[in-house]
Amino acid sequence: MDKLTLQQVIPMSELEGMIRQTTFRGLYDKHGENLHPYKKAKFSLTTIYPEKYAGSSPEILIGKKRFPLFTPQPTIYENQTNIIKTVDKFLRSKKLRIDKLDSGVKYHWEGRGDFHVLPPIIEKHTYPLKNGFLDFKKLSKRFKGTHVRDARKNLHSLSEKYLNGFYIDEVSKFDYLYIFNPNSPIINYGVNYNGDYTFYTICDGSHRVDYALEILGKPITALLVEPEEKTNLIPYYAFPVPFRPTLRLSSKRSEKMYHRLERDKIHLLNDFICKSLHYDWESGGLQVSKLRSNVEIH
């Protein structure tokens, strides 16, 4: 039988401080120091509501209006949902609920280790569109002051659209490497849309959102992250796609059974640097479960 022990309830003010310490896994300043995605962000609690009909997206409350919720990857794994179910049962025994968290919770799972569970984190982004396509010339400017490392530990600016002399190992290199996903120029959000487009996407917690909306049939409290006025967060690691329809698999490993699985995350950056925009939550002292593979990041 699973044995979980409550270690700490972290008030929102303290939790925000921990989240601000989170760093990118592979994004640096000109001196090679890790950058913080939330260093100057604003935090507030809000609510996510179930979708209104089959195939539509859940909605997030912003002010007095609701907006569709996007996600970076539309796959839900049964083994992760079962973990959420176990944690929720434990939280309820402590008079807490996974769908109504307004704080962070640290717990110990015997045989597994220490973990944190938080309200789902939702980021507000505004991307420039040109006839429904991302305007990459403008979007690349959002990476001003950010750098990635190559295999030789050389720093390369992400704001130039191309990386020059980028080593993928100690010997082989690209003279010119386009920073964005080579398939990204064909992704369109509607040919009639031009200018800035604002959307809200899940950063952490898609399984918690799905569990609350689908299993419990209830709205869920979420933590909204917004940039300071007249600024933008650094672009997210994957394109925003509708939350529904959702792929449901037993586990990450089971994806290998479906060789023509054609709906998954679409990375914003090319394959050699796409993981650089992932977050290192442990740098903020947060142990959150993860599905991502530990690929090498320079």
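(A) Seen up close, the overall build of the protein chain. Scanning the protein chain from terminus to terminus reveals four helices and 19 strands. When its C-alpha atoms are laid out on the principal axes, the protein chain stretches across 60 × 45 × 45 Å. Relative to its 298 residues, the protein chain shows a buried fraction of 49%. Averaged over its 46 positive side-chain charges, the protein chain has a centre that lies 4 Å from the centre of its 34 negative ones.

(B) Up close: the pattern of salt bridges. Counted according to the given criterion, the structure contains 10 salt bridges. With its nearest N and O atoms 2.8 Å apart, the salt bridge here joins Asp99 to Arg97. For Asp99, a relative accessible area of 2% translates into the label buried. We note a salt bridge from Arg244 to Glu214, for which the minimum N-O separation is 3.0 Å.

(C) Structural view of the nonpolar core. Ranked by internal contacts, the top residues of the largest apolar core, which has 46 residues, are Ile19, Tyr38, Ile121, Leu158 and Trp281. Of all elements in the fold, only helix H1 (12–20), strand S9 (121–130), helix H3 (136–140), strand S13 (162–167), strand S15 (195–204) and strand S16 (220–226) reach the threshold of two or more residues within this core. With four residues, the top contributor of residues to this core is H1. Not counting residues up to four positions away in its chain, the partners in contact with Tyr38 are Ile19, Arg20, Phe43, Ile121, Glu123, Cys203, Val225, Tyr279 and Trp281.

Procedures and definitions
- One numbering rule holds for all chains: residues counted from 1, following each sequence as written.
- With pLDDT at 70 or above as the cut-off, local features in this predicted model cover only qualifying residues; side-chain atom pairs require 80 or more to be listed or tallied, and sums for whole chains, interfaces and linings still use all residues.
- With hydrogens and water set aside, each side-chain value is computed from the structure's full complement of heavy atoms.
- Every helix listed is a DSSP run of H or I at least four residues long, and every strand listed is a run of E at least two residues long, numbered separately from the N terminus.
- Residue exposure (1.4 Å probe, protein chains only): buried if accessible area is under 20% of the type maximum, exposed if over 50%, otherwise partly exposed.
- In this tally, Asp and Glu contribute negative charge and Lys and Arg positive charge; neither His nor the terminal groups of the chain are included.
- A single reference atom marks each charge: NZ on Lys, CZ on Arg, CG on Asp, CD on Glu.
- In what follows, salt bridge is the name for a side-chain nitrogen of Lys or Arg lying within 4 Å of a carboxyl oxygen of Asp or Glu.
- Here, nonpolar core refers to any group of buried Ala, Val, Leu, Ile, Met, Phe, Trp, Tyr and Cys residues whose side-chain atoms link them within 4.5 Å.
- The contact criterion used throughout is that any non-hydrogen atoms of two residues lie within 4.5 Å.

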